[in-house]
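Below are the chains, spelled out letter by letter.
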Amino acid sequence: MSKAPSDSPLFSKKQSKSSAKSAADKSVVFTPDYSHEQQLQAQGFRLIAGLDEVGRGPLAGPVVAACVILDPDKLPEGLDDSKRLTAAKRNLLFDNIMDKALAISLCSLSAETIDRSNILAASLLAMKRCVDALSMQPDYALIDGNKTPSGLPCPAMTLVKGDQRSLTIAAASIIAKVTRDRMMERAGLIHPAYGLEKHAGYGTAAHRQAIEDQGPVAGLHRYSFAPIKGRWVSGQ
């Protein structure tokens, strides 16, 4: 597995601009399959990368992106949107993906980087760095969502709810989710007052109350996010 340049202290271990945007109704339930990848392979694109990120919404911690190229002859069973899986199932699939995928890369960008730009820009930058860091250059990238990072070294297509529609994107979502959850568990050991190991930095009532009682932690909390924004200054 490759790691792109990442600035998060929690991190452990030419685009052909043909972005096909899919309108996905929120009420529709998808099941991921390999059909998008097969269609691209039939057009001559051999190595298909799936790209996803996790951690846009939390009040604390990094945004983490993952990029995965699956082996079409060794597709892990049970892949799905990481949010629809239990933690135990995600961990099992994480190991399975790590064992069977042709290439995997990760990038983590810190709360401070998010504050310097914005969460969308940081997410797109993390995804681009993931593609750049792969041990083999993909012929095509499938991206979760409706935004394509600029400067990719290959053509790309966005898929709304892509982690529920593409096995390759689902694999990336699992790698990103498990990695970030483990990072936040370690952060919870360092900052036990915030319960980060329980909510992964999201704005639960308990987390918000801990911020009120203790104040935010510089380098960990996102000072550009409410309710921290305008009330505390990083480093003070």
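### A closer look at the packing of aromatic side chains
- Per the counting criterion, the structure on display carries 1 aromatic pair.
- Arg-165 extends its terminal NZ or CZ atom over the ring of Phe-30, reaching a point 5.1 Å from the ring centre.

### Topic: the environment of Arg-182
- Turning to its location among the elements, Arg-182 is positioned in helix 5 (residues 167–190).
- For Arg-182, a relative accessible area of 32% gives the class partly exposed.
- As a C-alpha pair, Arg-182 and Glu-197 span 15 residues in sequence and 8.2 Å in three-dimensional space.
- Leave out the neighbours within four places in its chain, and Arg-182 touches Asn-91 and Phe-94.

### Quick word on the pattern of salt bridges
- Following the criterion strictly, the structure yields 8 salt bridges and no others.
- The partner of Lys-83 in a salt bridge is Asp-163, and the shortest N-O contact between them spans 3.2 Å. Of this pair, Lys-83 sits in the loop between strand 3 (63–69) and helix 2 (87–100) while Asp-163 sits in the loop between strand 6 (156–159) and helix 5, and the two are 80 residues apart along the sequence.
- Here Lys-83 falls in the exposed class, since its relative accessible area comes to 61%.
- Between Lys-177 and Asp-181 there is a salt bridge, with the nearest N and O atoms lying 3.3 Å from each other. Placement of the pair is Lys-177 and Asp-181 together in helix 5, with a separation of 4 residues, close to one helical turn. One exposure class covers both Lys-177 and Asp-181, and it is buried.
- Three or more residues joined by partner-sharing salt bridges are found here, namely Asp-81, Lys-83 and Asp-163.

### Considerations on unusual backbone geometry
- Omega for the bond connecting Ala-226 with Pro-227 falls within 30 degrees of zero, at 10 degrees, which places this linkage in the cis form.
- The backbone of Lys-161 sits at a positive phi, close to 60 degrees, despite the residue not being glycine.
- With respect to the helices and strands, the residue Lys-161 is situated in the loop between strand 6 and helix 5.
- Phi angles above zero are rare outside glycine, and Ala-200 is one such case at about 60 degrees.
- Looking at the element boundaries, Ala-200 is found in the loop between helix 6 (196–199) and helix 7 (205–214).

### Some remarks on the state of the cysteines
- Applying the stated rule across the entire model yields 0 disulfides.
- Distance from the sulfur of Cys-130, which forms no disulfide, to the nearest cysteine sulfur (Cys-107) is 5.4 Å.
- Accessibility expressed as a relative area gives 0% for Cys-130, which makes it buried.

### With respect to the pairing of strand 6
- Side chains Ala-156 and Thr-158 project from strand 6 onto one buried face, and the interleaved Met-157 and Leu-159 project onto a second face that is buried too.
- Relative to strand 6, strand 5 (residues 140–144) runs parallel, the two being bridged by 4 bridges. Within the sheet, the bridge partner assigned to Ile-143 lies in strand 6 and is Thr-158.

Reading guide: rules and limits
- Residues numbered from 1 in each chain as written.
- Predicted model: local features only at pLDDT ≥ 70, side-chain atom pairs only at ≥ 80, totals over all residues.
- Heavy atoms only, no water.
- Phe/Tyr/Trp six-rings, centres within 6.5 Å; stacked < 30°, edge-to-face > 60°.
- Lys NZ or Arg CZ within 6 Å of the ring centre and 35° of its normal.
- Helix = DSSP H or I, 4+ residues; strand = E, 2+ residues; numbered from the N terminus.
- Buried < 20%, exposed > 50% of the residue type's maximum accessible area, 1.4 Å probe, protein only.
- Contact = heavy atoms within 4.5 Å.
- Salt bridge = Lys/Arg side-chain N within 4 Å of Asp/Glu carboxyl O.
- Disulfide = S-S within 2.5 Å.
- Pairing = 2+ DSSP bridges.

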